[in-house]
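# A look at the structure
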Amino acid sequence: MPSKTSAPADSIPYTAVPTVYPHNVIVLPHYRPPRPNPTLLFLRRCSAFAAVALLLSAALFFLYPSDPHITVARVGLNHIQVHSSPKLTLDISLSLTVKVRNPDLFSLDYDYLSVSIGYRGRQLGVVRSLGGTVKARGSSYVNATLNLNGLEFFLDAFYLIEDLAKGVVPFDTMTTVNGDLGLLFFEIPIEGKVSCEVYVSTSNQTVVRQNCYPL
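A brief structural summary. (Residues numbered from 1 in each chain as written. Predicted model: local features only at pLDDT ≥ 70, side-chain atom pairs only at ≥ 80, totals over all residues. Heavy atoms only, no water.)

## Re helix H2 (residues 157-166)
For an α-helix the count is 3.6 residues per turn, leaving residues at separations of three or four pointing the same way. The set of residues buried in H2 consists of Ala157, Leu160 and Asp163. Axial view of H2: buried residues confined to an arc of 125°, hence all on one face. Relative to its buried face, H2 has exposed residues pointing more than 90 degrees away, namely Phe158, Ile161, Ala165 and Lys166. Positive phi shows up at glycine 167, right after H2, with a value of about 90°. (Buried < 20%, exposed > 50% of the residue type's maximum accessible area, 1.4 Å probe, protein only. Helix = DSSP H or I, 4+ residues; strand = E, 2+ residues; numbered from the N terminus. Arc of directions from axis to C-beta.)

## Concerning the pattern of salt bridges
Counted under the stated rule, the structure contains 3 salt bridges. In this structure, aspartate 163 engages arginine 120 in a salt bridge whose closest nitrogen and oxygen atoms are separated by 3.2 Å. Here the residue aspartate 163 occupies a position in helix H2, and arginine 120 occupies one in the loop between strand E3 (108-119) and strand E4 (122-134), the gap between them amounting to 43 residues. Taking relative accessible area as the criterion, aspartate 163 reaches 3% and is therefore assigned buried. One salt bridge in this structure joins lysine 166 and glutamate 162, with 3.9 Å as the shortest N-O distance. Placement of both lysine 166 and glutamate 162 in helix H2 is noted, with a separation of 4 residues, approximately one turn of the helix. By relative accessible area, lysine 166 is classed as exposed at 59%. (Salt bridge = Lys/Arg side-chain N within 4 Å of Asp/Glu carboxyl O.)

## Brief notes about the sheet that holds strand E5 (residues 139-152)
Ordered in space as E1-E2-E5, the 3 strands form an open sheet in which the pairing is antiparallel. The open sheet terminates on both sides in strands that have one partner only, identified here as strand E1 (69-83) and E5. Ignoring which end each strand starts from, the neighbouring axes of this sheet average 10° apart. Where strand E2 (residues 89-101) lies against E5, 12 bridges are found, and the strand directions are antiparallel. Paired with leucine 94 across the bridge in E5 is leucine 146. (Pairing = 2+ DSSP bridges. Axes fitted to C-alpha atoms, helices over the stretch in contact; angles between N-to-C directions.)

## What to know about the environment of leucine 124
Relative to the helices and strands, leucine 124 is located in strand E4. Excluding residues within four positions of it along the chain, leucine 124 makes contact with Ile117, Gly118, Tyr119, Leu148, Leu151 and Phe171. (Contact = heavy atoms within 4.5 Å.)

This is the structure in C-alpha cells:
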C-alpha cells in the first residue's frame, strides 16, 4: 500500500480564488479634474487685483496727510486812531481768534501761527504766536493780537483819506500755520492759510464785516 505523506508543518492552507464573484464589481476609469476656464481664471485675477488696488487707495486716502483747516473764529478791533500831524499815520490794534482743525489721523505739532495785516495790497505788519499741538481729528483755538503804531501812508494817503471820509477802512489779513505732522517715524511739514477781508468802522471802533476764504 502506498504510504500517506503528510503536509509540512509550516505550510499554510489557502482557498482558491473563486471564478464567480458573489457581488457585481464596477471598475471606474482614472479621474482627471477638468481644466479651468481661461476666461474665468482671468476674471478672478482681475477681481483680486481690483480689490487690492481699492484697499490701497482707501488706505492712502485716509493716511495721506492733508493741510490743517484754518478759520478765523473772531476778529475784534481794540482801537484805531489816525494822526494827521505832522504827517498822516495810523495806529491800529486787532485781536483774532483762529481755529486750527487737524483732519488727519495723526497729531499736528505747529511751530507758530503768523498773522499779517495789509492795506490795499501793501503789508503793514506781522505778528507771531507760540506753537502748540492739535490732536488727531481735533481742533484748537489760538489767540493773536496785532498792534501797529505810527504806520505812514504816502502812496496810499489819498485812498486812506477817502476811506476815512466813508467811515470804513478795509484791511487784509493773512493767517498762516506751519508745523509738522507725525506720521509713524516721519515728520511731514504742512502749512495752512486763510485770508480775510476785514472792514473796520472808525466811528464806533468795531468790525463791520469780514470775508474769509482758505488758500
